[in-house]
Number of protein chains: 4
Amino acid sequence: MSTTPEPQIAELTRLMRELTEERQWATFHDPKSLILALVGEVGELAELFQWLPADAAIAAVEDAGRRERVSQEIADVLLYLVRLADVLDIDLMEAARTKHAASLTRFPVDEFRGVAPDKV
Amino acid sequence: MSTTPEPQIAELTRLMRELTEERQWATFHDPKSLILALVGEVGELAELFQWLPADAAIAAVEDAGRRERVSQEIADVLLYLVRLADVLDIDLMEAARTKHAASLTRFPVDEFRGVAPDKV
Amino acid sequence: MSTTPEPQIAELTRLMRELTEERQWATFHDPKSLILALVGEVGELAELFQWLPADAAIAAVEDAGRRERVSQEIADVLLYLVRLADVLDIDLMEAARTKHAASLTRFPVDEFRGVAPDKV
Amino acid sequence: MSTTPEPQIAELTRLMRELTEERQWATFHDPKSLILALVGEVGELAELFQWLPADAAIAAVEDAGRRERVSQEIADVLLYLVRLADVLDIDLMEAARTKHAASLTRFPVDEFRGVAPDKV
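These figures come from a predicted structure and were not determined experimentally.

> Looking at this model, I keep getting lost on the relation of the copies chain C and chain D. Mind explaining?
One copy of the chain maps onto the other through a rotation about an axis plus a displacement along that axis. When chain C is brought onto chain D, the operation consists of a screw motion whose angular component is 180° and whose axial shift is 0.0 Å, with 0.0 Å RMSD remaining. Both copies of the chain, as the preceding transformation shows, are related through a two-fold rotation axis. No C-alpha of chain C approaches the rotation axis more nearly than that of Gln8 of chain C, which lies at 3.0 Å. Take the interface residues of chain C: 99% of them recur as interface residues in chain D, which is what a same-surface contact looks like.

> What exactly am I supposed to notice about the relation of the copies chain B and chain A here?
The two copies are related by a screw motion: chain B maps onto chain A through a turn of 180° and a shift of 0.0 Å along the axis, at an RMSD of 0.0 Å. Residue by residue, 100% of the interface of chain B is reproduced at the interface of chain A, so both copies engage with the same surface.

> So what exactly am I meant to see when it comes to the packing of helix α2 (residues 31-47) of chain A against helix α2 (residues 31-49) of chain C here?
When two helices pack together, their arrangement is given by the angle between the helix axes and by the axis-to-axis distance. Packing of α2 of chain A against α2 of chain C brings their axes to within 7 Å, and their N-to-C directions diverge by 140°. Both α2 of chain A and α2 of chain C take part in a crossing whose hand is left-handed. Along its contact with α2 of chain A, which presents Leu36, Val39, Gly40, Glu41, Val42, Gly43, Glu44, Ala46 and Glu47 of chain A, the element α2 of chain C presents Leu36, Val39, Gly40, Glu41, Val42, Gly43, Glu44, Ala46 and Glu47 of chain C.

> Just to check I follow, could you spell out the packing of helix α5 (residues 92-106) of chain C against helix α4 (residues 64-87) of chain D for this structure?
Where α5 of chain C contacts α4 of chain D, the two axes come as close as 8 Å, and the packing angle between them is 85°. Relative to α4 of chain D, α5 of chain C is oriented roughly perpendicular. Taking contact as the criterion, the partners of Leu92, Ala95, Ala96, Lys99 and His100 of chain C in α5 of chain C are, on α4 of chain D, Ser71, Gln72, Ile74, Ala75, Asp76, Leu78 and Leu79 of chain D. Tallied by class, the residues present in the contact of α5 of chain C with α4 of chain D amount to 7 nonpolar, 3 polar and 2 charged.

> Which parts of the structure should I look at to understand the nonpolar core?
The tendency in soluble globular proteins is for nonpolar side chains to be buried as a group. By size, the foremost hydrophobic cluster in this structure holds 172 residues, and its most contacted members are Phe49 of chain A, Phe49 of chain B, Phe49 of chain C together with Phe49 of chain D. Those residues in contact with Phe49 of chain C that lie beyond four places of it in its chain are Ala57, Val61 and Val70 of chain C together with Pro31, Lys32, Ile35 and Leu88 of chain D.

> I tried to follow α5 of chain C on my own but got confused; where do I start?
Each turn of an α-helix holds 3.6 residues, which means side chains three or four residues apart point in the same direction. For α5 of chain C, with 15 residues, the first-to-last C-alpha span of 21 Å sits near the 21 Å given by 1.5 Å per residue. Those residues of α5 of chain C not exposed but buried are Leu92, Met93, Ala95, Ala96, Lys99, His100 and Ser103 of chain C. For α5 of chain C, the angular spread of the buried residues around the axis is 160°, confining them to a single face. Check the buried side of α5 of chain C and you find it contacts α1 (8-22) and α4 (64-87) of chain C together with α1 (8-22) and α4 of chain D. Structurally, the start of α5 of chain C carries an N-cap: the backbone nitrogen of Met93 of chain C is 3.2 Å from a side-chain oxygen of Asp91 of chain C.

> Sorry if this is basic, but what is going on with the interface of chain B and chain A here?
It is common to give the size of an interface as the accessible area lost on bringing the parts into contact. Taken together, the contact between chain B and chain A spans 68 residues of the former and 69 residues of the latter. Summing both partners gives a buried area of about 6400 Å² for chain B against chain A, and 72% of it is carried by carbon and sulfur. Three residues, Gln8, Arg23 and Lys32 of chain B, lead the burial of chain B against chain A; their summed loss comes to 10% of the area buried on that side. At the boundary of chain B with chain A, the tally comes to 4 salt bridges. Measuring nitrogen to oxygen at the nearest pair gives 2.6 Å for the salt bridge that ties Asp76 of chain A to Lys99 of chain B. Inspection of the chain B/chain A interface yields 25 residue pairs in polar contact (both at pLDDT 80 or more). At the level of elements, α1 (8-22), α2 (31-47), α3 (57-60), α4 (64-87), α5 (92-106) and α6 (109-112) of chain B are the ones that each hand at least two residues to the side of chain B that touches chain A. If you tally residues by element for the side of chain B that touches chain A, the top one is α4 of chain B, at 15 residues. In terms of residue class, the side of chain B that touches chain A is built from 47 nonpolar, 8 polar and 13 charged.

> How do you make sense of the pattern of salt bridges when you look at a structure like this?
In a structure, side chains of opposite charge can pair up when their charged atoms sit close to one another. All names here are of chain A. All chains considered together, the criterion is met by 32 salt bridges over all chains. Put simply, Arg14 and Glu6 hold a salt bridge, and the shortest N to O gap is 2.9 Å. Taking relative accessible area as the criterion, Arg14 reaches 33% and is therefore assigned partly exposed. Residue class for Glu6 comes out partly exposed when judged on its relative accessible area of 37%.

> Please explain the interface of chain C and chain D as it appears in this structure.
Taken residue by residue, the interface counts 69 residues in chain C and 68 residues in chain D. Both faces combined, the contact of chain C with chain D buries some 6400 Å², and carbon together with sulfur accounts for 72% of it. Salt-bridge contacts for Arg97 of chain C lead to Glu11 of chain D; the nearest nitrogen and oxygen are separated by 2.7 Å. Elements with a minimum of two residues in the side of chain C that touches chain D: α1, α2, α3 (57-60), α4, α5 and α6 (109-112) of chain C. Among the elements that take part in the side of chain C that touches chain D, α4 of chain C stands out by supplying 15 residues, more than any other.

> Whenever I open this one, the confidence of the model for chain A confuses me. Can you help?
Atom-level detail of predicted coordinates should not be read off regions where pLDDT is low. Here chain A averages 95 in pLDDT, while 97% of its residues score no lower than 70. Scored as a whole, the predicted complex attains pTM 0.96, and scored at its interfaces, ipTM 0.95.

> I'm lost on the environment of Phe107 of chain C in this one. Help?
Relative to the helices and strands, Phe107 of chain C is located in the loop between α5 and α6. In the structure, Phe107 of chain C is positioned 10 residues away from Pro117 of chain C in sequence and 7.8 Å away in space, judged by C-alpha atoms.

> I tried to follow the packing of aromatic side chains on my own but got confused; where do I start?
The geometry of an aromatic ring pair is captured by the separation of the ring centres together with the interplanar angle, meaning the angle of the planes. Per the stated rule, a full pass over the model turns up 12 aromatic pairs over all chains. A centroid spacing of 5.0 Å and a plane angle of 90° characterise the contact between Phe107 of chain A and Phe112 of chain A, whose relative ring orientation is edge-to-face. Phe112 of chain A matches Phe107 of chain A in its accessibility class, with the two residues each being buried. Both rings, one in Trp25 of chain C and one in Phe107 of chain D, keep their centres 5.6 Å apart while their planes meet at 75°; by these two values the pair is edge-to-face. Of this pair, Trp25 of chain C sits in the loop between α1 and α2 while Phe107 of chain D sits in the loop between α5 (92-106) and α6 (109-112), each in a different chain. Take Trp25 of chain C and Phe107 of chain D: they sit in the same class, and that class is buried. Through a chain of ring-to-ring contacts, the aromatic side chains of Trp25 of chain A together with Phe107 and Phe112 of chain B assemble into a single cluster.

The rules behind each value
Residues numbered from 1 in each chain as written. Chains lettered and ligands numbered in written order. Predicted model: local features only at pLDDT ≥ 70, side-chain atom pairs only at ≥ 80, totals over all residues. Heavy atoms only, no water. Least-squares fit on C-alpha atoms with pLDDT ≥ 70 in both. Contact = heavy atoms within 4.5 Å. Axes fitted to C-alpha atoms, helices over the stretch in contact; angles between N-to-C directions. Helix = DSSP H or I, 4+ residues; strand = E, 2+ residues; numbered from the N terminus. Left-handed = near helix turned anticlockwise from the far one by under 90°. Parallel < 35°, antiparallel > 145°, perpendicular 65-115°, else oblique. Nonpolar A, V, L, I, M, F, W, Y, C, P; charged D, E, K, R; others polar. Core = buried A, V, L, I, M, F, W, Y, C linked by side-chain atoms within 4.5 Å. Buried < 20%, exposed > 50% of the residue type's maximum accessible area, 1.4 Å probe, protein only. Expected span 1.5 Å × (residues − 1). Arc of directions from axis to C-beta. Polar contact = N/O pair within 3.5 Å; in protein donor to acceptor, adjacent residues only side chain to side chain. Buried area = accessible area lost by both parts, 1.4 Å probe. Salt bridge = Lys/Arg side-chain N within 4 Å of Asp/Glu carboxyl O. pLDDT = per-residue confidence, 0-100. Phe/Tyr/Trp six-rings, centres within 6.5 Å; stacked < 30°, edge-to-face > 60°.

What follows is the structure, encoded as structure tokens:
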């Protein structure tokens, strides 16, 4: 074994692949189904925030019970995203670094200071 | 500087925080707004797959142009998720490991072999 | 009162407005919160279909229990959408007729026969 | 022809069915694909509101250009929802009335006055 720690995205990819293979769930994990699963988890995350006043949302998550539920839903979104990237053979970390670099160029600091982009 | 590489989630968290602070976008990044942004990116991801036959989706992403667009949308989802976790002071990697471990217990191999869970 | 039946969208708009006003929920029903609620319901709908084979989904909804749950989630999406349109003072029926008419023009039959649009 | 006007949901159902049949799009309109299309439209709707301050969202939609875009996205969500209900042979109007009636019972006025439900 190497002494270099396994990169985090590789670790999660491996964990989700093992979970899937041991249960013979690969047949369920086509891209469209995984996106629907991702949508389900994003929906659960939205429900935890929907009726909170916008400026009270961060404080509300200091409550231990709500914090636990929010953590679980955020984790679910990440785990399905990692699984989707694995199924599509996309390097998630490289994709994220590339997209971030593109945002640096697309949103020059002088032009977008305090100005919301239509989309990042 | 340490010789230990920066963990990947910490790196993305730092990149998104710098992007935000340099542009003074923190005011836009309350949790509800970030979840809506996440929903927007998941929607763009869904649109890239919606009309593909389920069993043709993986092959379709071998096309370089589609692959590039899918990679960008998957990256956007990850970047907003990382930013949301940072704003909420949630350790995304720990949350994912904890949730994965819970799934191992919740879905025993013998009971769920080839059987789709209602939800993972 | 007129003998003309109340149009369906007007009826649902009125029902949701009464439900809201009687409970003094108007403060919760700003547009962003309603969209998050809509996302929550779409997520629940997605979860009911996520692991079904694409070509088995219609038959699966013939099961009475699943049919009931799907009906409820579809209804929830409609009710929040109607409420959102009301809050924004948008005529939902007129908007739908206008958008449909635009699709007729945008997707000429001869050009799109059997060809999936990127988006409708 | 009857002198009774066609109910609105029936009208939209018919319009979407004709649009689909004339273009031979039925093969694309399985439930999972339609839900992904719905997700895409909800995502576009979310993007129009994501960076607006919560209390400025209604006023922002008074701008004619934004109003037009919001109307289109709300219409798209409704049209795909109607199409999904048609494919599943679900009576959307009956489902909505039933769900509304259930909410009246589930959220008694005296108990929920000014109190956000976790979910409606």
